[in-house]
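What follows is each chain in one-letter form.
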Number of protein chains: 2
Amino acid sequence: MTSKILGAQTVRFDRPPSVASSACAVGKKEGAGPLADSFDYIFSDDYMGEKTWEKAEAALQEKAFSLALAKYPEPVSGIRCVFAGDLLNQCTASSGALKERGIPFFGLYGACSTMAEAAFLAAAAVDGGYAEAAAAVTSSHFCSAERQFRFPLEYGGQRPPTSQWTVTGSGALIVSASGNGPYITHGTAGIIRDAGVKDANSMGSAMALAAYETLSAHFSDTGLAPESYDLIVTGDLGSVGHEILCSLFARGGTDISAFYRDCGMLIYDSEAQDTHSGGSGCGCSASVLCGPLLNGMRSGRWNRILFAATGALMSPTSVMQGEDILGICHAVAFSNTK
Amino acid sequence: MTSKILGAQTVRFDRPPSVASSACAVGKKEGAGPLADSFDYIFSDDYMGEKTWEKAEAALQEKAFSLALAKYPEPVSGIRCVFAGDLLNQCTASSGALKERGIPFFGLYGACSTMAEAAFLAAAAVDGGYAEAAAAVTSSHFCSAERQFRFPLEYGGQRPPTSQWTVTGSGALIVSASGNGPYITHGTAGIIRDAGVKDANSMGSAMALAAYETLSAHFSDTGLAPESYDLIVTGDLGSVGHEILCSLFARGGTDISAFYRDCGMLIYDSEAQDTHSGGSGCGCSASVLCGPLLNGMRSGRWNRILFAATGALMSPTSVMQGEDILGICHAVAFSNTK
């Protein structure tokens, strides 16, 4: 056992890497939402100048990473690897976005939890001495996701109230051994959880248990209380999953509602923008983290954030075959002090 | 710069983790091939007792991991994480296989390079002090891959000579801070390469350049000559990619043919089994590594192996949209001495 290992699922970084830069790029709808002012770039056209939605998503991810690189104060040659993923079949948005960069590439698939998984592994690469700096990038795109997971857009399918709206967005961050924070201090790795949900229009229900288990493991492993954090934020549980998670904690006697938010609820005005339960997708938590949340830490609005991105491990095939939608949640702790 | 960082793409593990156990499970066709004697388990029916090919692939991966766990001499509680991936959309074979295990799960997508990516990250997790032990598991299944990437099986499509046969197989290994080897001494992370190939029936051509670049980086970063290894083995270039890779090295004045093999060529008798250019898939290099190769190291047949798994980063959509098939290759060095 090293000093880095805490409890069953958590690691503590001995030399917490600093988020040396972060950036996000989003689509038109997200740019019309309540977080518009804190996004780095808002595309006016969801094709991003490309001919297909899949290429548009790659362009979106490329944009977020370019913006993060432009803000990065150290030599780009120190970025020894990039951890990246998306929701497209075979993760082609990530490989398309990063194909020209010449940076060693580790492809990930963690569904909508991918940004936490990527940030965790990038932080470990730096803390472990394998890289001076490492990057984490993820994306999602409403149009590429909608036709892959649900229906052709032209079909105009009705959406039930529990459904979520896939965010057109991408976030990128670069962690470095040097820098003045925010620092990544801990990571809690998620375990696959089966809540018995089969409804692909109710992803929040499918993922809330995984979020509860990972957050509980984090508190148990570190000895930290939920209120140690100024903000606990899940990836994309939406309003349905948010309510379930609050209930699960309340059942154990903990009221987290004052300092717990969900990226999927923050990114849209669900009434005005007709997004039902809220936003979802790898790009949801990534763009909220890499813009609003990290900017808020830099400005001192929050000093400690626990970022718990949630993923639904399913495919259209697994759903059609009647399999349960499995949930996972990885959590990463950000702090303005080491 | 730490002592772990070598050159542009390679890391050297300070405390090389030991492969404490490994196992593989394969399908009927693979079990009728030249490596049959060194596979741990051969399924007699490619449905593996399940109702769908996707569930069959999950069962295959579960089998390989169970067998590796059964051979693992230390407490399973020390396995702090498993890195896993497959070729199915949204990697559902891996999540399905590991959903009952209760082990923190990092999902990967590296196409057919996933076993090297997973072994690399598992070794780094242990060497870096984040885990006493960590696992790497990948799979592929001919039937689930064929219908997803090509045609319905019932269609009986003709295959050109450059095509490869997706291996029904899975390999799992567990690396540990303790143990007597084989050790993982180095990892060289791959960069995405575009060789300009668009033909999904010629994956070896699409991936050979990436293999060449990663192997060249490994030799340059470490100062090791190709002949330092008893065996250099690529993942699934097949006979077409094998020939290209030999030519690329020959052009630089290096003849690697005496000690270079490809898992895709080793696993089948391509003439007798009608597999054209050879085997492919995440499960190809994984089952050959976790059975024949690591067993061969344990018996002293080879003392040093450089395992370079290759992946084609494409989807049926990207191919239909006319995009180039991008290649990647991650390399991991195994040695009987630290």
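Rules used in this analysis
Residues numbered from 1 in each chain as written. Chains lettered and ligands numbered in written order. Predicted model: local features only at pLDDT ≥ 70, side-chain atom pairs only at ≥ 80, totals over all residues. Heavy atoms only, no water. Buried < 20%, exposed > 50% of the residue type's maximum accessible area, 1.4 Å probe, protein only. Helix = DSSP H or I, 4+ residues; strand = E, 2+ residues; numbered from the N terminus. Pairing = 2+ DSSP bridges. Right-handed = clockwise from strand over helix to strand, strands pointing away. Contact = heavy atoms within 4.5 Å. Buried area = accessible area lost by both parts, 1.4 Å probe. Salt bridge = Lys/Arg side-chain N within 4 Å of Asp/Glu carboxyl O. Polar contact = N/O pair within 3.5 Å; in protein donor to acceptor, adjacent residues only side chain to side chain. Expected span 1.5 Å × (residues − 1). Bend = angle between axes of the 7 residues up to and from the residue. Least-squares fit on C-alpha atoms with pLDDT ≥ 70 in both.

(A) Structural view of the pairing of strand S5 (residues 79–86) of chain B. Residue and element names in this part refer to chain B. Counting buried positions over the eight residues of S5 gives eight, a clear majority of the element. Examined bridge by bridge, S5 and strand S6 (residues 105–107) share three bridges and lie parallel to one another. Across the sheet, residue Val82 finds its bridge partner in S6, namely Phe105. With respect to chirality, the unit in which S5 leads through helix H2 (residues 92–98) into the neighbouring parallel S6 is right-handed.

(B) Expanded view of the interface of chain A and chain B. Taken together, the contact pairs 62 residues of chain A with 62 residues of chain B. When the buried surface of chain A facing chain B is broken down by residue, Arg80(A), Gln90(A) and Tyr130(A) rank first, second and third, together holding 18% of it. Between chain A and chain B we count two salt bridges in total. Linking chain A with chain B are 30 residue pairs in polar contact (both at pLDDT 80 or more), by the criterion used here. Counting residues per element, the side of chain A that touches chain B draws most heavily on helix H3 (residues 114–127) of chain A, which supplies five residues.

(C) Helix H9 (residues 282–298) of chain A, seen in detail. Residue and element names in this part refer to chain A. An ideal rise of 1.5 Å per residue puts 24 Å on 17 residues; H9 measures up with 23 Å between its terminal C-alpha atoms. Of all the bends in H9, the largest measures some 40° and sits at Leu289, one to four residues before the proline Pro292. Positive backbone phi, approximately 85°, marks Gly300, located one or two places after H9.

(D) The relation of the copies chain A and chain B, seen in detail. At an RMSD of 0.0 Å, chain A and chain B line up after a rotation of 180° and a shift of 0.0 Å along the axis. The two molecules are tied by a two-fold rotation axis, judged by turn and shift. Scanning chain A for the C-alpha nearest the rotation axis identifies Leu108(A), at a separation of 2.0 Å. Same-surface contact between copies: 100% of interface residues of chain A are shared with the interface of chain B.

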